[in-house]
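Each chain, written out:
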Amino acid sequence: MELNNVKEAVLIVGAGPSGLTLAIDLARRGVRARVVERGAGLFPGSRGKGLNPRTQEVFDDLGVIDAVRRAGGPYPLVLGWEDGTRLGTHDMIERGRPTPGAPYADMWMVPQWRTARLLYARLQELGGSVEFGTELTGLTQNADGVEARLSRADGSAATVRAAYLVAADGGRSTVRRALGIPMTGETVDPSPMLVADVRLDDDRLDRDHWHAWPKAKGGTVALCPLAGTDHFQLFAQYEDVDATPDTSAEAVRQLIAERTHLAASDVREVSWASDFRARAAMAERFAEGRVFLVGDAAHIHSPAGGQGLNTSVQDAYNLGWKLGQVLRHGADPALLDTYEEERLPVAAGVLGISTRIHRAHRAGDEEGERRGPEVRQLGLNYRGGRLAVDRRPAPEGVAAEGVAAEGVAAEDVAAEGVVREDAAPESSADGYGSPRAGDRAPDAPCARPDGEPFRLFDAFRGPHFTLLALGDTELQPIRADFVRTYRIGGPAGRPGHLLDPDGHIRAGYGERGLFLVRPDGYIGFAADEEAGLRDYLAGLGG
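Residues numbered from 1 in each chain as written. Predicted model: local features only at pLDDT ≥ 70, side-chain atom pairs only at ≥ 80, totals over all residues. Heavy atoms only, no water.

1. Some points on the sheet that holds strand S4 (residues 50–51)
To be explicit about the condition: Only strands joined by at least two bridges in the DSSP assignment are considered to pair. Helix and strand definitions here come from DSSP, where helices need a minimum of 4 consecutive H or I residues and strands a minimum of 2 consecutive E residues; each element is numbered from the N-terminal end.
In space, the three strands of this open sheet follow the order S4-S8-S5, with antiparallel pairing throughout. If you trace the sheet from one side to the other, it starts and ends with S4 and strand S5 (73–74), each paired once.

What follows is the structure in structure tokens.
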């Protein structure tokens with residue numbers, strides 16, 4: 001067995017969206033990471049096709065949003081069918097509008113296989129790569145690091161040393177099982193389901209609608225045109241709980257012929273197919289020593305609501321900057337404990353949302369299955385956590401605790417991850433006029449001193465922390481090399497000065513104050529003066 005004598009900083013097991021997101025984030029920080037994937041290539045199917053606004057913000061920061069927007073498109077209206085007759089349309093999504101603080105308003109459809117390709121291309125731009133056909137077969141760890149045993153498709157084997165290991169290897173995670181971390185949850189729907197990518201004859205269905213046959217014999221079936229491609233995603237439910245879906249190309253063609261007005265011959269190609277039963281489950285813990293679980297390795301969702309891939313990407317985004325601070329800037333490794341503290345409650349809340357939407361769909365409840373503001377994940381926050389330090393008094397009625405899912409307080413999430421039906425929405429900044437520590441930092445159009453258009457997201461973009469100083473707030477120079485400072489208002493001509501000609505920054509943050517924005521776009525420290533700021537930065541390695 002070959003022994004790798006070079007100790008990697010991070011070994012990432014799995015090259016799905018979460019593993020690739022983490023690899024990109026570490027690469028741009030100059031953190032040495034090795035990515036292994038047991039498959040021969042990237043995932044070939046469309047499964048997780050919806051990118052929510054928060055994930056689009058993540059991709060903006062990572063440098064892939066332009067490619068993602070070019071590759072996809074908006075979700076179409078749903079067109080119902082019965083016996084070859086159109087029944088009318090309805091919208092599955094509650095549409096939003098871009099605002100100065102939230103430029104990405106709606107779900108954006110991109111097949112998962114294409115999202116993976118775009119992320120992989122970005123990783124390669126940054127000098128990274130993936131070792132395909134390489135499977136983890138075992139691991140051990142101690143206080144100094146992790147030793148992983150790998151098996152390659154050519155029959156060779158290797159042992160790799162790493163400071164940390166991240167499991168991004170899916171719902172059947174080999175890493176999670178090796179650690180003995182149990183998954184707890186429930187079967188959302190006992191009926192089997194099938195999803196496939198198909199090409200149809202050009203004139204058989206228009207590509208302007210998501211076509212659905214809700215009363216089809218044998219179970220509901222739908223064909224959704226996949227934006228940016230010439231394929232449709234087939235989704236079929238089975239009324240018979242004992243059915244065993246046949247994923248062969250011929251069987252998929254026959255299913256479409258039996259449940260729609262299309263003929264089997266209208267299906268020109270079946271490029272991918274898979275079957276599953278909808279479950280909602282979560283790992284009892286997201287970390288064990290120097291090993292972390294992200295994405296489906298930590299939580300499994302029903303596909304309803306498009307929450308699984310998005311939550312997975314944001315897991316990686318949360319963990320990436322913390323690994324970077326520890327490995328590059330000497331932060332206390334206890335910082336890594338906040339990954340589980342912040343992400344586990346979020347996963348619990350999101351599981352509740354996807355489960356509710358799935359069951360509403362199965363019950364034929366069009367209103368209940370609508371994807372509302374909660375699926376955008378713009379209201380997720382980490383209030384009340386150890387990294388959320390707010391030195392301003394919280395006005396009456398403003399929650400200081402964290403939010404597990406948009407508009408849902410953490411205490412409204414039951415132990416099994418189901419959101420209470422009576423949970424009341426709450427705004428990030430209601431009653432205060434500016435966001436609290438732990439909230440997502442809003443965007444704002446502004447300008448450089450010479451009038452060149454600029455946005456706060458431009459300031460945030462990159463692996464650094466961003467300090468916003470508004471108004472006449474006093475601030476001495478910050479020595480930490482991972483912090484960039486911008487001043488809004490006050491005397492002109494100071495370094496990092498930004499203009500706010502239309503008042504968007506003041507509308508989003510208030511007239512004065514200090515806001516330290518984390519690399520993942522959440523506010524870590526907020527205050528009216530700089531007292532306590534340097535202590536906060538010292539805990540991050542500054």
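And the narrative resumes.
2. Re the packing of aromatic side chains
Worth spelling out the cut-off: When two rings of Phe, Tyr or Trp (its six-membered ring) have centres within 6.5 Å they constitute a pair, described as stacked for plane angles under 30 degrees, edge-to-face for angles over 60, and tilted for the intermediate range. Categorising residues by exposure relies on relative accessible area from a 1.4 Å probe, with only protein chains included: less than 20% of the type maximum marks a residue as buried, more than 50% marks it as exposed, and the intermediate range marks it as partly exposed. The criterion for a charge sitting over a ring is simple: Lys NZ or Arg CZ within 6 Å of the ring centre, and within 35 degrees of the ring normal.
A full pass over the atoms with the stated rule returns 15 aromatic pairs. For the ring pair Tyr 164 and Phe 292, a centre distance of 6.2 Å and an interplane angle of 45° mean the geometry is tilted. Of this pair, Tyr 164 sits in strand S12 (residues 157–167) while Phe 292 sits in strand S19 (residues 291–293), and the two are 128 residues apart along the sequence. No difference in accessibility class separates Tyr 164 from Phe 292, as the two residues are buried. Plain terms: the ring middles of Tyr 509 and Phe 515 are 5.2 Å apart, the flat faces sit at 70° to each other, and that makes the pair edge-to-face. With respect to burial, Tyr 509 and Phe 515 carry one shared label: buried. An aromatic cluster is built from Tyr 164, Phe 286, Phe 292 and Tyr 339, whose rings are joined through pairwise contacts. Stacked on the ring of Trp 108, the Lys or Arg Arg 69 has its end atom at 3.6 Å from the ring centre.

3. Comments concerning the pairing of strand S16 (residues 232–237)
Counting buried positions along S16 yields six of six residues, so the element is predominantly enclosed. Alternating residues of S16 divide into Phe 232, Leu 234 and Ala 236 and Gln 233, Phe 235 and Gln 237, and every residue in both groups is buried. Here five bridges tie strand S15 (residues 221–225) to S16, and the two strands are oriented antiparallel to one another. Within the sheet, the bridge partner assigned to Leu 223 lies in S16 and is Leu 234. Where S15 folds back on S16, the antiparallel hairpin that results is connected by six residues, among which Gly 228 adopts a positive phi of roughly 80°.

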